[in-house]
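Next come the chains, spelled out residue by residue.
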Amino acid sequence: VSQSRYHTEWNIEKVHDCEKCHGKIVNIASDKLGNTYCGYCNARVDYPLPKLFVHGGYNPKKLIVEQDMQTLTWDRDLIERCRNGLKIKEWDRVFVGHTTTQSYDWDLKPLRFGKLIMLDTGAGWTGKLTLMNVDTEEYWQSDIQMPAR
């Protein structure tokens, strides 16, 4: 994934035809509104947005390449903003860790606020280790863990 000032670009696994430039699309671009374009001629195409995986969070007002390491690693504001109705447009889904779901619900399950999915279910303390199929959102969990030493 790469980003310019106005959009994100990423390579895709499957080749698609572009009706405007009659080429085979192997590069897609998206804007901050979630629209997708042919990476060569900029024709609008219908292609799914990419997923974002980040430890802490990100600032939706900035492109990913403009994010600082502190935000990507330790941010918790994104969770609160999504919990209070922030609509993420430029990503299919955003998967975050760092903040345990125990902060919001003691069921020790992944939580979803719109397109944001919290995966930290407290395995480092007294929770469970969670694995998730990010395409289906099916997940598997360990037994409750003893506190880390």
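Coordinates for the structure precede this section.
Keep in mind the model is a prediction, meaning the values are calculated, not measured.

## Comments concerning the overall build of the protein chain
The helix and strand inventory of the protein chain stands at two helices and 11 strands. Listed by position from the N terminus, the elements making up the protein chain come as β-β-β-β-β-β-α-α-β-β-β-β-β. Evaluated residue by residue, the protein chain yields a buried proportion of 40% over its 149 residues. A fraction of 34% describes how many contacts in the protein chain between residues 6 or more apart in sequence connect residues 24 or more apart. For the protein chain, the exposed area adds up to about 9400 Å²; of that, 51% sits on carbon and sulfur atoms.

## Notes on the sheet that holds strand β6 (residues 52-54)
Taken in spatial order, the four strands make up an open sheet running β6-β7-β9-β8, and their pairing is mixed. Edge strands, defined here as strands with exactly one partner in the open sheet, are β6 and β8 (111-113). The sheet shows a mean angle of 20° between the axes of neighbouring strands, direction not considered. Direction of pairing for strand β7 (residues 94-96) relative to strand β9 (residues 116-118): parallel, over a ladder of three bridges. In the strand pairing of β9, Val96 is matched with Met118.

## What to know about the pattern of salt bridges
Taken as a whole and judged by the stated rule, the model has five salt bridges. Across the pair Glu80 and Arg83 runs a salt bridge whose closest N-O atoms are separated by 3.6 Å. Taken together, the residues span about one helical turn, with Glu80 and Arg83 both in helix α2 (residues 77-83) at a distance of three residues. Judged by its relative accessible area of 44%, Arg83 is partly exposed. Measuring nitrogen to oxygen at the nearest pair gives 2.4 Å for the salt bridge that ties Glu137 to Arg112. Of this pair, Glu137 sits in the loop between β10 (130-132) and β11 (139-141) while Arg112 sits in strand β8, placing them 25 residues apart in sequence.

## Quick look at the nonpolar core
Tyr58, Ile88, Val94, Val96, Phe113, Leu116 and Met118 are the most contacted members of the largest nonpolar core, which totals 14 residues. Among the elements that line this core, the one with the most residues is α2, at three residues. Among all residues touching Phe113, those that are not within four sequence positions of it are Ile79, Cys82, Arg83 and Met118. Judged by nonpolar contacts, the second largest core, of five residues, contains Cys18, Cys38, Val45 and Tyr47.

## Topic: the environment of Ile144
By the element assignment, Ile144 lies in the segment after β11. Under the relative-accessibility criterion, Ile144 is labelled exposed at 55%. The sequence separation of Ile144 and Leu129 amounts to 15 residues, and the corresponding C-alpha distance is 7.9 Å. Filtering out sequence-adjacent residues up to four positions away, Ile144 remains in contact with Leu108, Thr126, Gly127 and Lys128.

## Section: the packing of aromatic side chains
As enumerated under the stated definition, the model contains two aromatic pairs in all. Consider the rings of Phe53 and Phe95, whose centres lie 5.0 Å apart with planes at 10°: the pair is stacked. Taken as a pair, Phe53 in strand β6 and Phe95 in strand β7 lie far apart in primary sequence, 42 residues in all. We classify Phe53 as exposed; its relative accessible area is 51%.

Criteria and cut-off values
As a convention, each chain's residues are numbered from 1 in the sequence order in which they are written. A pLDDT threshold of at least 70 governs which residues receive local features in this predicted model, and a stricter bar of 80 or more applies before side-chain atom pairs are shown or counted, although totals over entire chains, interfaces and linings include all residues. No hydrogens and no water enter the side-chain calculation; it runs on all heavy atoms of the structure. Strands here mean DSSP runs of E at least two residues long; helices mean DSSP runs of H or I at least four residues long; both are numbered from the N terminus. Classification of residues uses two cut-offs on accessible area relative to the type maximum, computed with a 1.4 Å probe and protein chains only: under 20% is buried, over 50% is exposed, and between them is partly exposed. We call two residues in contact when some of their heavy atoms are within 4.5 Å. Each accessible area is a Shrake-Rupley result for a 1.4 Å probe, and residues are judged covered by the shown protein chains and nothing else. Note on pairing: two strands pair once DSSP finds at least 2 bridges between them. Every axis corresponds to a line fitted to the C-alpha atoms, with the helix fit spanning only the stretch in contact, and the corresponding angles, defined between N-to-C directions, vary from 0 to 180 degrees. Salt bridge, as used here, is a side-chain nitrogen of Lys or Arg placed within 4 Å of a carboxyl oxygen of Asp or Glu. Here, nonpolar core means buried Ala, Val, Leu, Ile, Met, Phe, Trp, Tyr and Cys residues that are tied together by side-chain atoms lying within 4.5 Å of each other. Whether two aromatic rings pair depends on their centres lying within 6.5 Å, for rings of Phe, Tyr and Trp, where Trp uses its six-membered ring; planes under 30 degrees apart make the pair stacked, over 60 edge-to-face, and the rest tilted.

The values are spatial; any link to function lies outside them.
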